[in-house]
Amino acid sequence: METKVKAHVAPWKIEEVKTLKGLIKSKPVVAIVDMMDVPAPQLQEIRDKIRDKVKLRMSRNTLIKRALKEASEELNNPKLAELANYVERGAAILVTDMNPFKLYKMLEENKSPAPVKGGQIAPCDIKVEKGSTGMPPGPFLGELKSVGIPAAIEKGKIVIKEDKVVVKKGEVVSPKLAAVLDRLGIKPIKVGLNILAVYEDGIIYTPDVLKVDEEKLLADIQTAYQNAFNLAFNIAYPAREVLPYLIQKAFINAKALAIETAFITKETAGDILAKAQAQALALASKLPEDALDEDIKSKLSEVETTASSTVEEKKEEEKKEEEKKEDSGVAGLALLF
């Protein structure tokens, strides 16, 4: 009869899984973060800054996966177990009350510039800008040229002659180039806690979803609001924001209709009388002068003076516009010759 040998599990591993489970169940938001490339001093600085907002614990990947699996079973929450699919590299568990988007933004803001290492993938185009390095002539000049950076000696200093993209995004940075960039003080990468995935309320968020362009989002919201406002206004939908403008439009239309139909109210009486006077003067202007009394003649003279003045002003404006065009044409000819 064969007997199964029960695998021995170190007590500290059992205790670690228990601790991780307690952490996972303590907060509504659970994140898997990568800490592998964060130097110890910077990691400690980040911990100090976020200590009051999150709880963070690094452990072995196998133990983190085990804790997620057991916690999901105890909570009857299969979705939580899916976080184990994102555990890789130097993973750690982070729990918090912050929503995933605020958490992502906070961790990104707490990243700091760092030199790139040989063998790393360039996260962006890495450019060396022209100018003095501040270094005296020596072997470093040859090192610059060996990695394709145009350099020379000027006024007793090593000078980079022109801007140069030394490695493009996605390419591997050679150890030699990494050493040169470090000596130049170029820190093209940011190090910090990289979110691999975040769980909240049955949903797992990945970095591509959490990375939000806030300026574009705000612009999109403003455009959507303006479009919605215009639609509501045009179809007379009485939304709270639109209603004052609809009432104003209705008042203007009602007043225009009342004036057109000579319906006298407190608001339209002045406009109707002014319109009637203008029509009467227009009719009077067609009659012989000896058929008009002095009052009508005076009013007609005022109208003619005003009209003449308006015509003169319009002519003056047109003349100035023509002079501007002529000056512009002369300037264009001067450029040609």
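About the criteria used
- Residues numbered from 1 in each chain as written.
- Predicted model: local features only at pLDDT ≥ 70, side-chain atom pairs only at ≥ 80, totals over all residues.
- Heavy atoms only, no water.
- Core = buried A, V, L, I, M, F, W, Y, C linked by side-chain atoms within 4.5 Å.
- Buried < 20%, exposed > 50% of the residue type's maximum accessible area, 1.4 Å probe, protein only.
- Helix = DSSP H or I, 4+ residues; strand = E, 2+ residues; numbered from the N terminus.
- Contact = heavy atoms within 4.5 Å.
- Polar contact = N/O pair within 3.5 Å; in protein donor to acceptor, adjacent residues only side chain to side chain.
- Phe/Tyr/Trp six-rings, centres within 6.5 Å; stacked < 30°, edge-to-face > 60°.
- Lys NZ or Arg CZ within 6 Å of the ring centre and 35° of its normal.
- pLDDT = per-residue confidence, 0-100.
- Salt bridge = Lys/Arg side-chain N within 4 Å of Asp/Glu carboxyl O.
- Axes fitted to C-alpha atoms, helices over the stretch in contact; angles between N-to-C directions.
- Parallel < 35°, antiparallel > 145°, perpendicular 65-115°, else oblique.
- Left-handed = near helix turned anticlockwise from the far one by under 90°.
- Nonpolar A, V, L, I, M, F, W, Y, C, P; charged D, E, K, R; others polar.
- 1 Å grid on protein atoms, 1.4 Å probe; cavity = no way out; pocket = protein on both sides within 12 Å on 5 of 7 lines; lining within 4 Å.
- Points joined across faces, edges and corners; volume = space filled by probe spheres on them.
- Pairing = 2+ DSSP bridges.

The biggest cluster of nonpolar side chains holds 24 residues, and the ones touching the most others in it are Ile 126, Ile 149, Val 166, Val 173 and Leu 181. Those elements that provide at least two residues to this core are strand E5 (126-128), helix H6 (139-146), strand E8 (157-160), strand E9 (164-167), helix H7 (175-183) and strand E10 (189-191). Residue contacts for Val 166: discarding those within four places in its chain leaves Ile 126, Val 128, Ile 149, Leu 177 and Leu 181.

Attention now moves to the side chain of Gln 42. Mapped onto the fold, Gln 42 is located in helix H2 (residues 40-50). Residue Gln 42 is classed as buried on the basis of its relative accessible area of 18%. Within the structure, the side chain of Gln 42 is placed 2.8 Å from the side chain of Ser 112, a separation counted as a polar contact. Beyond its immediate chain neighbours, meaning those up to four positions away, Gln 42 contacts Ser 112, Pro 113 and Val 191.

Take the packing of aromatic side chains next. Both the distance between ring centres and the angle between the ring planes are used here to describe each pair of aromatic rings. The final tally for this structure, using the stated rule, is 3 aromatic pairs. Between the aromatic rings of Phe 101 and Tyr 205, the centroid separation amounts to 5.6 Å while the plane-to-plane angle is 70°, which identifies the pairing as edge-to-face. Placement of Phe 101 in helix H5 (residues 100-109) and of Tyr 205 in strand E12 (residues 203-205) is noted, with a sequence separation of 104 residues between them. An aromatic cluster of at least three residues, connected via ring pairs, comprises Tyr 225, Phe 229 and Tyr 245. Across from the ring centre of Phe 140, 4.3 Å away, lies the NZ or CZ of Arg 183, which sits over that ring.

Before going further, it helps to spend a moment on the confidence of the model for the chain. Of all residues in the chain, 89% attain a pLDDT of 70 or more, and the chain-wide mean is 85. Counted against residues more than four places away or in other chains, residues 329-337, with its pLDDT under 50, gives 0 contacts.

Quick look at the pattern of salt bridges now. One pass over the full model with this rule turns up 19 salt bridges. Between Glu 143 and Arg 183 there is a salt bridge, with its nearest N and O atoms 3.8 Å apart. You can see Glu 143 sitting in helix H6 and its partner Arg 183 sitting in helix H7, a full 40 residues away along the chain. The exposure class of Glu 143 is partly exposed, given its relative accessible area of 30%.

Residues other than glycine seldom take positive phi values, yet Asp 201 does so here, at roughly 50°. Mapped onto the secondary structure, Asp 201 falls in the loop between strand E11 (194-200) and E12. Judged by its relative accessible area of 70%, Asp 201 is exposed.

Attention now goes to the packing of H6 against H7. In contact at an axis separation of 10 Å, H6 and H7 are set at 125° when each is read in the N-to-C sense. When the axes of H6 and H7 are compared, the pair comes out oblique. The interaxial crossing formed by H6 with H7 has left-handed handedness. Contacts between H6 and H7 involve Phe 140, Glu 143, Leu 144 and Ser 146 from the former and Lys 176, Val 180 and Arg 183 from the latter. In the contact of H6 with H7, the residues fall into 3 nonpolar, 1 polar and 3 charged.

Attention shifts here to the layout of surface pockets. Here the largest pocket is characterised by a volume of approximately 990 Å³. If you go around the largest pocket, you meet 29 residues; those closest to its centre are Tyr 104, Glu 108, Lys 111, Lys 190 and Asn 194. Looking at which element gives the most residues to the lining of the largest pocket, the answer is H5, with 5 residues. Of the residues contributing to the lining of the largest pocket, the split by class is 16 nonpolar, 3 polar and 10 charged. Empty space within the second largest pocket amounts to approximately 150 Å³. For the second largest pocket, the full set of lining residues is Val 9, Lys 13, Ile 14, Val 17, Lys 18, Lys 21, Leu 63, Arg 66 and Glu 70. Broken down by secondary-structure element, the contributors of at least two residues to the lining of the second largest pocket are helix H1 (11-24) and helix H3 (61-74). The biggest single contributor to the lining of the second largest pocket is H1, with 5 residues. Split into classes, the residues belonging to the lining of the second largest pocket amount to 4 nonpolar, no polar and 5 charged.

Where burial is concerned, most of strand E3 (residues 91-96) is hidden: 6 out of the 6 residues are buried. The alternating pattern of E3 places Ala 91, Ile 93 and Val 95 on one face and Ala 92, Leu 94 and Thr 96 on the opposite face, and all of these are buried. The sheet contact formed by strand E1 (residues 29-34) and E3 spans 6 bridges and is antiparallel. Each residue of the ladder has a partner; that of Ala 31, found in E3, is Leu 94. One ladder, built from 5 bridges, connects strand E2 (residues 54-58) with E3; its direction is antiparallel. What sits directly across from Met 58, in E3, is Ala 92.

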